[in-house]
Amino acid sequence: MTCINISCEAVIEQYADLVYRIAISHVTNKQDAEDIFQDVFVSLIKNISRIEDEMHLKHWLIRATINRTKNYHSCFWKRHVNFNLVVNTEETTYLQEENSQIDEIREQISTLPIKLKSVVYLHYYEGYSVDEIAVILKVPSGTVKSRLYNARKILKNKLREVNGL
């Protein structure tokens, strides 16, 4: 097994956006996403000697981030206490009205179970193919297809309910 020869600083610089985007899409709270981001890169520092190549590194970071978000959602405190603050200013009201349909879709995606949310995010936001997602998540391609199908079906029904169709 060969190890990748890359500095942690270079990895953070190259993959910071990817890790943060995945984290924020799964937890929808900036502070918690930042905590997950930190945990992932601390874990990378501890495990950098196990990383074989650039592709393995990227897949490892994606899996590690998704796993941290799963841990976040399973935490007793997070399941029973909600500290999300709502700030209502003229600017946020304007932006909410302008992007209400996109916001509604994002909101509905955020309510999906983590397994469905992960494949939706990787496919539609990051542009990965079904086969690439299967490799990243270490599941069969059929499982990824099934999860995408189920997510679309759930989202379609939820959006119909919200829009009164």
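Since the structure is predicted, the reported quantities are computational estimates derived from the model, not experimental observations.

Peer 1: So what's going on with the pattern of salt bridges? Residues and values would help.
Peer 2: For the structure on display, the rule yields 1 salt bridge. Note that glutamate 126 and arginine 21 form a salt bridge whose closest N and O atoms lie 2.8 Å from each other. Here the residue glutamate 126 occupies a position in the loop between α7 (114–125) and α8 (130–137), and arginine 21 occupies one in helix α1 (residues 8–27), the gap between them amounting to 105 residues. On the basis of relative accessible area, arginine 21 is assigned to the partly exposed category, the value being 36%.

Peer 1: Describe α1, with residues and values.
Peer 2: Note: α-helices contain 3.6 residues per turn, so residues at a spacing of three or four share the same orientation. With 20 residues, α1 ought to run about 28 Å at 1.5 Å a step, yet its terminal C-alpha atoms sit only 25 Å apart, falling short of that. Where α1 bends most, the angle comes to about 60°, and this point is tyrosine 15. Restricting attention to buried positions, one finds in α1 the residues Cys8, Val11, Tyr15, Ala16, Leu18, Val19, Ile22, Ala23, His26 and Val27. Looking one or two residues beyond α1, the residue adopting positive phi is threonine 28, at roughly 50°.

Peer 1: Can you tell me about the packing of α8 against helix α9 (residues 141–163), naming the residues and giving the values?
Peer 2: Axis separation between α8 and α9 bottoms out at 8 Å; the angle between their running directions is 110°. Between α8 and α9, the angle is such that the two are roughly perpendicular. Between α8 and α9 lies a crossing of right-handed hand. Facing α8, whose interface residues are Val130, Asp131, Ile133, Ala134 and Leu137, α9 presents Ser141, Val144, Lys145, Arg147 and Leu148. Class assignment of the residues belonging to the contact of α8 with α9 gives a composition of 6 nonpolar, 1 polar and 3 charged.

Rules used throughout
- Per chain, the residues get numbers from 1 upward, laid out in the order the sequence is written.
- Only residues with pLDDT of 70 or above have their local features reported here, since the model is predicted, and side-chain atom pairs are shown and tallied only from 80 upward, although totals for entire chains, interfaces and linings are computed over all residues.
- Note that water and hydrogens are dropped before the side-chain values are worked out from all heavy atoms of the structure.
- For salt bridges, the criterion is a side-chain nitrogen of Lys or Arg within 4 Å of an Asp or Glu carboxyl oxygen.
- By the criteria applied, helices consist of DSSP H or I runs no shorter than four residues and strands consist of E runs no shorter than two, each listed in order from the N terminus.
- Partly exposed residues are those whose accessible area sits between 20% and 50% of the maximum for their type, while under 20% is buried and over 50% is exposed, using a 1.4 Å probe and protein chains only.
- A helix is expected to span 1.5 Å multiplied by its residue count minus one.
- In this analysis the local bend is the angle between axes fitted, respectively, to the seven residues ending at and the seven residues starting at the residue.
- In this description, a line fitted to the C-alpha atoms serves as the axis of each element, helices being fitted only across the stretch in contact, and the angle between N-to-C directions of two axes falls anywhere from 0 to 180 degrees.
- An angle below 35 degrees is read as roughly parallel, one above 145 as roughly antiparallel, one from 65 to 115 as roughly perpendicular, and any other as oblique.
- Helix crossings are classified by the rotation of the near helix relative to the far one: an anticlockwise turn of less than a right angle makes the crossing left-handed, while a clockwise turn makes it right-handed.
- Two residues form a contact once any of their heavy atoms are found within 4.5 Å.
- Lys, Arg, Asp and Glu make up the charged group, whereas Ala, Val, Leu, Ile, Met, Phe, Trp, Tyr, Cys and Pro make up the nonpolar group; the residues left over, Gly among them, are polar.

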